[in-house]
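So the chains spell out like this:
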Amino acid sequence: MSSIILALVIGAAFGAVLDRIGATNPNWIGRMLSLTNLHLMKTILLAIGTGSVLMFGGQMLGLVEVGHMSVKAAYVGVFIGGLLLGAGWALAGYCPGTGVCAAASGRKDAWFFIAGGLLGAAAYMVTYPAWLASGMLDDILGGKVTLGTVPGSGFDGLSAIQGDLLGIVLGAGFVVIAFVLPERIVGQGEAVAPAE
């Protein structure tokens, strides 16, 4: 029971942060994807980079148990699903997590997004045997693999580079990009009309 309460508290805090940075507002998502306001992109890159440095650094120091690392299998269907998720995110202005947080913050349009997501999940469940028979769910590139080798993880690496070190370097790169990325790429130098 205490783990459920902890999950609810952490989830609520995460949702509050998403709402605070604008990730629950489809207008901010649209501005990010049109490259006219990169505040949200910079925040996402900073969060991913910081989390990566802390997780992989913690694994190297023995503070984070490697067994908690979860790796999803690579297969053609997951790449197609990723493209569909990205297209849906661009069209709706929500991804599954931000859609639920937006609904919790009172946005009525998010409820339609959630309903559409549940309908899509139901359609996938009904058609799952056909997807399985098509071979689109067969593992590629070794299935569950990591970019670098992480000792004790039980997963193969695509390269012999130490995975923890690679994770720290990539994470640090994301943090640097978050700080050097301009506030906007499209409309750079244009005067911004005052808000009405």
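As the structure is a computational prediction, the values presented were derived from the model and not from experiment.

Participant: Got a minute to help me understand the overall build of the chain in this structure?
Facilitator: The number of helices and strands found in the chain is seven helices and two strands. Seen in sequence order, the chain has helices and strands lined up from the N terminus as α-α-α-α-α-α-β-β-α. Across its three principal directions, the C-alpha atoms of the chain cover 55 × 45 × 40 Å. Counting across all 196 residues of the chain, residues that qualify as buried make up 25%. When the accessible surface of the chain is totalled, it reaches about 12,800 Å², and 73% of it is carbon and sulfur.

Participant: It is not clear to me how the pattern of salt bridges should be interpreted in this structure. Could you clarify?
Facilitator: Pairing of side chains with opposite charge becomes possible as their charged atoms draw close. Taken as a whole and judged by the stated rule, the model has one salt bridge. Asp109 serves as the salt-bridge partner of Arg107, at 3.2 Å between the closest nitrogen and oxygen. On the basis of relative accessibility, which here comes to 32%, the residue Asp109 falls in the partly exposed class.

Participant: Help me out: how do you make sense of the state of the cysteines in this one?
Facilitator: Chemically, a disulfide is nothing more than a covalent bond linking the sulfur atoms of two cysteines. Applying the stated criterion across every chain, the model contains zero disulfides. We note that Cys95 lacks a disulfide partner, and the nearest cysteine sulfur, in Cys101, lies 8.5 Å from it.

Participant: Hey, could you run me through helix α7 (residues 163-180) in this one?
Facilitator: In an α-helix, one turn spans 3.6 residues, which is why side chains three or four residues apart end up on the same side. Taking 1.5 Å per residue as the helical rise, α7 with its 18 residues ought to reach 26 Å, and the 26 Å between its terminal C-alpha atoms agrees with that figure. Where α7 is concerned, the buried positions are Gly163, Asp164, Gly167, Gly171 and Ala178. Buried positions in α7, seen along its axis, are confined to an arc of 100 degrees and lie on one side of it. Among the exposed residues of α7, those oriented more than 90 degrees off its buried face are Val169, Phe179 and Val180. Buried-residue contacts for α7 involve α3 (39-61).

Participant: I would appreciate a short explanation of the environment of Met55 in the present structure.
Facilitator: With respect to the helices and strands, Met55 occurs in helix α3. Owing to a relative accessible area of 31%, Met55 belongs among the partly exposed residues under this scheme. Taking the C-alpha atoms as reference, Met55 lies 9.4 Å from Val66; in sequence the two are 11 residues apart.

Participant: Honestly, helix α4 (residues 76-92) in this entry has me stumped. Any pointers?
Facilitator: Taking 1.5 Å as the rise per residue, α4 with 17 residues should run 24 Å; its terminal C-alpha atoms sit 24 Å apart, in good agreement. In the segment just after α4, Gly93 is the residue with positive phi, at about 85 degrees.

Participant: Where do I start with a nonpolar patch on the surface in this structure?
Facilitator: A grouping of Leu46, Ile48, Phe174, Val176, Ile177, Phe179 and Val180 is seen on the molecular surface, where their side chains present a nonpolar patch of about 650 Å² in accessible area. Of all the elements in the fold, those that place two or more residues in the nonpolar patch are α3 and α7. If you trace the backbone, Phe179 turns up in helix α7. Judged by relative accessible area, which is 63%, Phe179 ranks as exposed.

Participant: Hey, could you run me through unusual backbone geometry in this one?
Facilitator: The general pattern is negative phi for most residues beyond glycine and trans for most peptide bonds. For Leu35, which is not glycine, the phi torsion reads 65 degrees and is therefore positive. Here Leu35 lies in the loop between α2 (26-33) and α3. The class for Leu35 is partly exposed, based on a relative accessible area of 29%.

Participant: Any chance you could explain the environment of Leu85 here in plain terms?
Facilitator: In this structure, Leu85 sits in helix α4. Take Leu85: its relative accessible area is 46%, and that puts it in the partly exposed class. On a C-alpha basis, the gap between Leu85 and Met125 in space is 17 Å, while along the polypeptide they are 40 residues apart.

Thresholds applied
- Residues numbered from 1 in each chain as written.
- Predicted model: local features only at pLDDT ≥ 70, side-chain atom pairs only at ≥ 80, totals over all residues.
- Heavy atoms only, no water.
- Helix = DSSP H or I, 4+ residues; strand = E, 2+ residues; numbered from the N terminus.
- Buried < 20%, exposed > 50% of the residue type's maximum accessible area, 1.4 Å probe, protein only.
- Areas by Shrake-Rupley, 256 points an atom, 1.4 Å probe, with all protein chains shown as cover.
- Salt bridge = Lys/Arg side-chain N within 4 Å of Asp/Glu carboxyl O.
- Disulfide = S-S within 2.5 Å.
- Expected span 1.5 Å × (residues − 1).
- Arc of directions from axis to C-beta.
- Contact = heavy atoms within 4.5 Å.
- Patch = residues over 30% accessible without salt bridge, like charges linked within 9 Å, V, L, I, M, F, W, Y side chains within 5 Å.

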